[in-house]
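An overview of the molecular structure
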Amino acid sequence: MKIATLILPVIAISEASQVPITGTTPLRTEAAKKNIIIGSGAINPSYLNDPEFAAVLSREFNSLSPENEGKWTFLNPSKGLYNWTSLDRLVEFAENNDMVVKGHGLISGCCNPDYILNETDPTALRASLLDHFKAFMLRYDGSRVDRWDVVTEVIKTQGGGLDPNFFYRILGPGYIADAFRLARIASPKAKLFINENLVETLPGKRQELYDLVSGLVAEEVPIDGVALQMHITEVAPIPGVLTDMVKSYNALGLEVAIAEMDVHTLNTTAQTDIYAAVMNEALDANITDISFWGFTDKHLYTWIPGAKPLMFDEEYKPKGAYYATHAALKQCD
Ligand code: G3I
């Protein structure tokens, strides 16, 4: 016992010394005081090979989600064949670091294997969906995977109707309700989300999502919440929009989460201000599940050449966005 207490602090200091300090408490420490999930998505399990990446992820966040490893073609490239190694590693990392996991990729317009894309019979496709959901969700049911994006980006990017993705073309618009019902069969207790982009910015698309979701609720489809991606380009959502969305979905008995926030701009001052504005409004509106699409600019995904959308730089030094997020968490009630 004495040996352990002598050795452990030495290990902690040597690990910590390789990672730039923030000079303040971790985000997850502030979040835990208020029962808030603060997470990072876009975690490719191979990034965990970098000890600094793993150290900052587990120090700052109490939730993670995979980037592409749960998308159909990467997880289940041919009938009956599942690549579990990567996702198992993520879930194990979460377990070892007292984190929860959000499942991402059950149904996505992108990254579907040919054996699915060649399916033209609706009944056979529904059966494949159920097999896939059962395999994926049951494997992690009862573990730290407590919530799932069941469908992602079902509305056209700029709004104006459902995206005519493969599932829509074969199953019709009812594929969304089908997906939630099948997910509930596969996992009776996990929270089930619809994940959508740009609704905080585009009023027409915002209304379309509300109409779709309120229709699902009216049909008693088992949906627990709306996950706003919150990928922001240059300009923050108009103040009040997020609050109004939370009120309207709460009135339907649903939760609102922020699932993939990042801010794509070359102006770091504007980026800090946007992180602050969104975090403050989200926390004031009692959003308790907030995740970012990654946390270090070493591994970023952007459509603005040169933009660095995340809260730590490539060398894991905290940026203004980190301190804005920290301050919002510390100040909220
Ligand atoms: O792995 C294949 C490789 O075999 C192939 O040769 C190559 C050719 O293009 O593609 C590789 O797959 C790419 C995959 O990422 C893995 O790297 C796909 O083309 C590429 O489209 C895919 O991009 C991902 C994108 O979703 C599309 O699914 C991004 O990494 C991922 O960050 C992004 O994440 C999405 C969320 O799932 C939903 N919300 C928006 C978010 C992006 O902002």
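Before reading further, recall that the structure is shown in the block above.
In this report, the structure presented in the accompanying data block is examined.

Take unusual backbone geometry next. In this structure, Asp98 takes a positive phi of about 55° despite not being glycine. Of note, Asp98 is situated in the loop between helix H5 (85-96) and strand S3 (100-107). Residues other than glycine seldom take positive phi values, yet Glu234 does so here, at roughly 65°. For Glu234, the position within the fold is in the loop between strand S7 (231-233) and helix H11 (241-251). Since its relative accessible area comes to 40%, Glu234 is described here as partly exposed.

Packing of H5 against helix H7 (residues 122-140) brings their axes to within 11 Å, and their N-to-C directions diverge by 30°. In terms of axis orientation, H5 runs roughly parallel to H7. Seen from above, H5 lies across H7 with right-handed handedness. Counting all contacts with H5, which are made through Leu87, Asp88 and Val91, the residues of H7 involved are Phe136, Arg139 and Tyr140. Of the residues contributing to the contact of H5 with H7, the split by class is four nonpolar, no polar and two charged.

Around the ligand sit 14 residues, and of these Glu67, Lys71, His104, Cys110 and Glu260 come closest. Between the ligand and the protein, one listed contact pairs an oxygen atom with a side-chain N or O atom of Lys71 at 2.7 Å. Protein burial of the ligand: of its 790 Å² of free accessible surface, 52% is covered by the chains. Here the shell around the ligand is built from residues that sort into five nonpolar, five polar and four charged.

Moving on to the pairing of strand S5 (residues 191-196). Counting buried positions over the six residues of S5 gives five, a clear majority of the element. Pairing between strand S4 (residues 145-152) and S5: five bridges, direction parallel. Its bridge partner being in S5, Val151 is matched across the sheet by Ile194. The pairing of S5 with strand S6 (residues 225-228) spans four bridges and is parallel. Its bridge partner being in S6, Glu196 is matched across the sheet by Leu228.

Judged by which residues are buried, strand S9 (residues 289-292) turns out to be covered on both faces: Asp289 and Ser291 on one side and Ile290 and Phe292 on the other are all buried. Summarising the sheet, strand S1 (residues 37-43) and S9 pair through four bridges and their orientation is parallel. Following the sheet pairing, Gly39 is matched in S9 by Ser291. Inspection of the sheet shows strand S8 (residues 255-264) paired to S9 by two bridges, in the parallel sense. Bridge pairing links Met261 to Phe292 in S9.

This part takes up helix H13 (residues 320-331). Because each turn of an α-helix spans 3.6 residues, side chains separated by three or four positions in sequence point in the same direction. Taking 1.5 Å per residue, 12 residues should reach 16 Å; H13 reaches 16 Å between its end C-alpha atoms and fits that length. Every buried residue of H13 is listed here: Ala321, Tyr322, Ala324, Thr325, His326, Ala328 and Leu329. On its buried face, H13 is in contact with helix H2 (27-33), S1, helix H3 (51-60), helix H12 (268-284) and S9.

Take the pattern of salt bridges next. Counted under the stated rule, the structure contains 16 salt bridges. A salt bridge links Lys308 to Glu314, with the nearest nitrogen and oxygen atoms 2.7 Å apart. Overall, the relative accessible area of 33% leaves Glu314 in the partly exposed class. Here the residues in one salt-bridge network are Glu30, Lys33 and Lys330, joined through shared partners.

To continue, consider the state of the cysteines. Tallying each qualifying case throughout the model produces one disulfide. What pairs with Cys110 in a disulfide is Cys111, and their sulfur atoms sit 2.0 Å apart. A residue is classified by how much of its surface remains accessible, and Cys110, at 36% relative accessible area, is partly exposed.

The final tally for this structure, using the stated rule, is 16 aromatic pairs. Note on Tyr210 and Tyr249: the rings are 5.6 Å apart at their centroids and 50° apart in plane angle, and the pair reads as tilted. One end of the pair, Tyr210, is in helix H10 (residues 203-218); the other, Tyr249, is in helix H11, and 39 residues separate them in sequence. The exposure class assigned to Tyr249 is buried, which follows from its relative accessible area of 2%.

The rules behind the values
Sequence positions are assigned chain by chain, starting from 1 and proceeding in written order. The predicted origin of the model limits local features to residues at a pLDDT of at least 70 and limits the giving and counting of side-chain atom pairs to 80 or more, whereas totals for whole chains, interfaces and linings rest on all residues. To get the side-chain values, take all heavy atoms of the structure and skip hydrogens and water. Labels follow the DSSP assignment, with helices taken as runs of H or I lasting at least four residues and strands as runs of E lasting at least two, numbered in each case from the N terminus. We call a residue buried when its accessible area falls under 20% of the maximum for its residue type, exposed when it is over 50%, and partly exposed in between, using a 1.4 Å probe and counting protein chains only. Only the contacting stretch of a helix is used when fitting its axis, a line to C-alpha atoms as for every element, and angles between N-to-C directions run 0 to 180 degrees. Working rule for angles: under 35 degrees goes down as roughly parallel, over 145 as roughly antiparallel, 65 to 115 as roughly perpendicular, anything else as oblique. Crossing chirality is assigned from the near helix's rotation relative to the far helix, an anticlockwise turn below a right angle marking it left-handed and a clockwise turn marking it right-handed. Only heavy atoms enter the contact rule, under which two residues are in contact if any of them lie within 4.5 Å. Residues are grouped as follows: nonpolar covers Ala, Val, Leu, Ile, Met, Phe, Trp, Tyr, Cys and Pro; charged covers Asp, Glu, Lys and Arg; every other residue, Gly included, is treated as polar. We define proximity as follows: a residue is near a molecule or strand when any one of its heavy atoms falls within 4 Å of that partner. Any N or O atom pair separated by 3.5 Å or less is treated as a polar contact, with the protein-specific requirement of one donor-capable and one acceptor-capable atom, and with residues adjacent in sequence counted only for side-chain atom pairs. Only the protein chains shown count as cover for residues, with accessible areas throughout obtained via the Shrake-Rupley method and a probe of 1.4 Å. Only when DSSP finds a minimum of two bridges between them are two strands counted as paired. To estimate how far a helix should reach, multiply one less than its number of residues by 1.5 Å. Counted as salt bridges are all cases of a side-chain nitrogen of Lys or Arg within 4 Å of a carboxyl oxygen of Asp or Glu. Working definition: a disulfide is two cysteine sulfur atoms within 2.5 Å of each other. Note on aromatic contacts: the rings of Phe and Tyr and the six-membered ring of Trp form a pair at centre separations within 6.5 Å, being stacked when their planes are under 30 degrees apart, edge-to-face when over 60 apart, and tilted otherwise.

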